[in-house]
Amino acid sequence: MIITQPIKNLWVFKPWVPNWLAVFVLFFCLLHCMVLLGVYTSNITYSASFLDVEVEDLQFSLCVTYGTFLATLLVESRLFKFFPPKNYFLVIFSLSAITFVASAYTKNYVVFLLLRVAEGVFMALPWLPLRQLLISRFTTRNAVIIGFSVTYGALLLASPFIMNIAVYLLENYDWRYMAWGSALFQLTCVGFILITFTNNRMQRKVPLYQIDWASFILVHITILAGAFVFIYGEKKYWFQSAQIVTAAVGALVFAALFLMRQITARRPSFNLAVFGYPNLRIGFFLFAVLYVARATLNICHSTMFTVWNWEPARVAHVQFINVAGNVAGMILAGVCLARAVASRYIFIMGFLLLAMHHLWMTFLFVPDASLADITAPYFLQGFAVGFLFVPLVLFTVSSVPKKLAPFSGTTGVIGRFWGSTIGFCIMQNMQIFLTQKHYRNISLGLLPESPQLQDRTAAAVQRFMAKGYAEPEAYKLAIKSLTQATRTQSTLLANMEIFTVVGYVLLAVVVLLLLNRQLRFSFDLFKNKVWGS
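Residues numbered from 1 in each chain as written. Predicted model: local features only at pLDDT ≥ 70, side-chain atom pairs only at ≥ 80, totals over all residues. Heavy atoms only, no water.

## Observations regarding the overall build of the protein chain
Put simply, the test is: Helix and strand definitions follow DSSP, with helices as H or I runs of at least four residues and strands as E runs of at least two, each counted in order from the N terminus. Exposed residues in this analysis have more than 50% of their type's maximum accessible area, buried residues have under 20%, and partly exposed residues fall in between, with area computed by a 1.4 Å probe over protein chains only. Throughout, a contact is declared for two residues whenever any of their heavy atoms are within 4.5 Å. Note on areas: Shrake-Rupley, 1.4 Å probe, and residue coverage restricted to the protein chains presented here.
Helix and strand content of the protein chain: 19 helices and 0 strands. Sorting the 533 residues of the protein chain into buried and exposed places 54% on the buried side. A fraction of 85% describes how many contacts in the protein chain between residues 6 or more apart in sequence connect residues 24 or more apart. By element, 66% of the accessible surface of the protein chain is carried by carbon and sulfur atoms, the whole surface being about 23,700 Å².

## Considering the environment of Leu31
One can find Leu31 in helix H1 (residues 19-38). Taking relative accessible area as the criterion, Leu31 reaches 22% and is therefore assigned partly exposed. In sequence terms Leu31 and Met123 are 92 residues apart; their C-alpha atoms lie 9.8 Å from each other.

## A look at the pattern of salt bridges
In plain terms, the rule: By salt bridge we mean one thing: a side-chain nitrogen of Lys or Arg within 4 Å of a carboxyl oxygen of Asp or Glu.
Taken as a whole and assessed by the stated rule, the structure comprises 2 salt bridges. A salt bridge links Glu119 to Arg116; its shortest N-O distance comes to 2.6 Å. Of the two residues, Glu119 and Arg116 both sit in helix H6 (residues 109-136), 3 residues apart, roughly one turn of that helix. You'll find Glu119 and Arg116 in the same group, each marked buried.

## Description of helix H13 (residues 312-338)
Formally: The length a helix should cover is 1.5 Å for every residue beyond the first.
For H13, spanning 27 residues, the distance from its first C-alpha to its last is 39 Å, which sits close to the expected 39 Å at 1.5 Å a residue. Taken from the residues just after H13, Ala340 is the one with a positive phi, measuring 65°.

## Some words on the packing of aromatic side chains
Where two aromatic rings form a pair, the distance of their centres and the angle of their planes describe that pair. Applied cut-off: The rule is short: rings of Phe, Tyr and Trp, with Trp giving its six-membered ring, pair when the centres are within 6.5 Å, and they are stacked under 30 degrees, edge-to-face over 60, tilted in between.
Scanning all chains against the criterion turns up 24 aromatic pairs. Measuring from centroid to centroid gives 5.7 Å for Phe24 and Phe192, while their planes differ by 85°, and the two rings are edge-to-face. Of this pair, Phe24 sits in helix H1 while Phe192 sits in helix H8 (residues 176-196), placing them 168 residues apart in sequence. When its relative accessible area of 39% is taken as the criterion, Phe24 is described as partly exposed. For Phe192, a relative accessible area of 22% gives the class partly exposed. Ring geometry for Phe230 and Trp418: centres 6.1 Å apart, planes at 65°, overall edge-to-face. Residue Phe230 is located in helix H9 (residues 213-232), and its partner Trp418 is located in helix H16 (residues 405-444); the two are separated by 188 residues in the primary sequence. A relative accessible area of 21% means that Trp418 is categorised as partly exposed. An aromatic cluster of three or more residues is present, and its members are Phe13, Phe83, Tyr88, Phe89, Phe93 and Phe197.

## A few points about helix H10 (residues 242-264)
Taking 1.5 Å per residue as the helical rise, H10 with its 23 residues ought to reach 33 Å, and the 33 Å between its terminal C-alpha atoms agrees with that figure. Looking at the packing, one finds that the buried side of H10 touches H9.

## Focus on the side chain of Thr196
Counting through the fold element by element, Thr196 comes out in helix H8. Thr196 sits in the buried class, given a relative accessible area of 2%. Apart from residues no more than four positions distant in its own chain, Thr196 is found in contact with Val12, Phe13, Lys14, Trp16, Val17, Leu21 and Val25.

## Regarding the nonpolar core
The criterion, for reference: Note on terminology: a nonpolar core comprises buried Ala, Val, Leu, Ile, Met, Phe, Trp, Tyr and Cys residues joined through side-chain atoms within 4.5 Å.
Of all hydrophobic cores here, the largest spans 128 residues; its most connected members are Phe60, Phe89, Leu290, Phe347 and Phe351. With 14 residues, the single largest contributor to this core is helix H15 (residues 371-397). If we skip the residues at most four places from it in the chain, Phe89 touches Phe80, Pro126, Pro129, Leu130, Leu133, Ile193 and Phe197.

## Observations regarding the packing of helix H3 (residues 55-72) against H6
Two measures define how a pair of helices packs: the angle their axes make with one another and the distance between the axes. Note the following rule: All axes here are fitted lines through C-alpha atoms, helices being fitted over the stretch that makes contact, and every angle between N-to-C directions spans 0 to 180 degrees. By the definition used in this description, the sense in which the near helix is turned from the far one sets the handedness, with an anticlockwise turn below a right angle giving left-handed and a clockwise turn giving right-handed.
Between H3 and H6, the shortest axis-to-axis distance is 7 Å and the interhelical angle comes to 35°. Between H3 and H6 lies a crossing whose hand is right-handed. Note on element contacts: H6 touches H3 through Tyr109, Phe112, Leu113, Arg116, Val117, Glu119, Gly120, Val121, Met123, Ala124, Leu125 and Trp127, opposite Asp57, Leu58, Phe60, Ser61, Val64, Thr65, Thr68, Phe69 and Thr72.

## Examining a nonpolar patch on the surface
The condition is simple: Each patch groups residues whose relative accessible area exceeds 30% and which form no salt bridge, using 9 Å between like charges and 5 Å between nonpolar side chains of Val, Leu, Ile, Met, Phe, Trp and Tyr.
Together, Phe239, Val245, Val249, Val253, Leu257 and Met260 make up an exposed nonpolar region whose accessible area comes to about 540 Å². With respect to the helices and strands, Val245 occurs in helix H10.

## Some remarks on unusual backbone geometry
Residues other than glycine seldom take positive phi values, yet Asn309 does so here, at roughly 55°. Among the structural elements, Asn309 can be located in the loop between helix H12 (297-306) and H13. When its relative accessible area of 57% is taken as the criterion, Asn309 is described as exposed.

## Some details on the packing of helix H11 (residues 278-294) against H15
We apply this condition: Note on terminology: angles under 35 degrees are roughly parallel, angles over 145 are roughly antiparallel, angles of 65 to 115 are roughly perpendicular, and the others are oblique.
Interhelical geometry of H11 versus H15 gives an angle of 155° and a closest axis separation of 10 Å. When the axes of H11 and H15 are compared, the pair comes out roughly antiparallel. Crossing of H11 over H15 shows left-handed handedness. Residues Asn279, Leu280, Ile282, Gly283, Leu286, Phe287, Leu290, Tyr291 and Arg294 of H11 form the contact with H15, whose participating residues are Gln381, Val385, Leu388, Phe389, Leu392, Val393, Phe395 and Thr396.

## So, the confidence of the model for the protein chain
One rule of thumb: low pLDDT means the predicted coordinates there are not for detailed reading. The line we're drawing: Values of pLDDT, the confidence the predictor places in each residue, fall between 0 and 100.
Residue-level pLDDT values for the protein chain average 78, and 75% of them are 70 or greater. The low-confidence segment residues 1-9 (pLDDT under 50) makes 23 contacts with residues lying over four places distant or belonging to another chain.

## Here's the deal with the side chain of Asn322
Mapped onto the secondary structure, Asn322 falls in helix H13. Excluding residues within four positions of it along the chain, Asn322 makes contact with Leu297, Tyr378, Gln381 and Gly382.

## Topic: the environment of Phe387
Relative to the assigned elements, Phe387 resides in helix H15. On the basis of relative accessible area, Phe387 is assigned to the buried category, the value being 4%. If we skip the residues at most four places from it in the chain, Phe387 touches Gly329, Met330, Leu332, Ala333, Cys336, Ile346, Met349 and Gly350.

Okay, structure coming up:
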């Protein structure tokens, strides 16, 4: 939600609390949301092994948390208005700590998912109030840029930092230390609130009976069922599975019921009128494209693990290169916004840089790459994402009249959620399909009577025999080595094709932005909505 004038929240903090301390407390408490989202998904491999589940299961648990976050945004404001801020935040952070500790001692996946639902609720409830309070503490006319850069910057940077902490704890301690550390973080938030907050209210009390729980339930089921289809579709052979068919039909039915309720309700939880504004539709589309393109970063990390055989600690440290790019991109984006650079030019530059990253990486999927080889394109990806993120948020939420601003903010979250979910689905399916295709093609060319295969097999046998293996064992190891080399080559070729296709799609988006006349007037609208000028 865009705030054009600072809200009067001085009475929320005790009189002795200086502004810098209030800003620190609010920002620290906002990090609570990042911890809830990233603690189990910053390193999916370790989390999956701990819970004895597949990688898809952990990805689905992320969708459960993020999807619950999205659904809870529809009812969050009325819950916040009912309770005094101090009590509201104290209860949320305390319950968050309990859910973290509980998740550390369960290996039942169903119970784990229920805890992730609770964490999605606890992530959403304080997010908007804390962000609203934080933005209102800045007195400059660029407060919106500063506030959004800080909050959404933390969202972008949380996962790499959490992953580095996770790798350190897992190498030196036990996995449960992650959950205990996260719980301690929540309790630290409780301590800050107890010390600095008063018992005063910010807004008039609103009765809880006005909460539209029906819309919450309908959209929540729609999100979870839809996410199930995208995450597990390939693994369950899509519509050959009764589970996938049931989930798909359920998602469509409950989505239709939700839309009908919003159309007929006197006070809809989500006002569909926001989609009548062209700039909002553009922002929604660009968010979805950005998050689908971001999904390719997981392919980079997977290649580091499985092909280049980098240690987990090294992969975790390498992500700081991407973080540095995020920070640099956000700083430059903030400067551009403060100097009234048109959003259209920011988007063109950002998506062009993201396309360059993908096309550059196409040439780096080789059997052995060094850190020096990937540093520049890896930094470039982070820079492009950081450069795009906050301008896209501000562009989306300022694309509608002030009374619809909360719904436009939710639309941005919808774009990010479905973009990341569909992105995972697309990359997973493309990687499996293309890897299998290349493996078949390469295997067909390696017939037993092929002189090339015979020469490679003989050379491999000699290498293993030189290491002391007997000829029968050396032959078995040689065949295994050649098979693994074929799989590696197939994976690399698949990655090259994926990055090439995504790179061209992003170039097509840049062309659309260049040709779309609607965006020529977007910055004037953006400036009017944010600053009232």
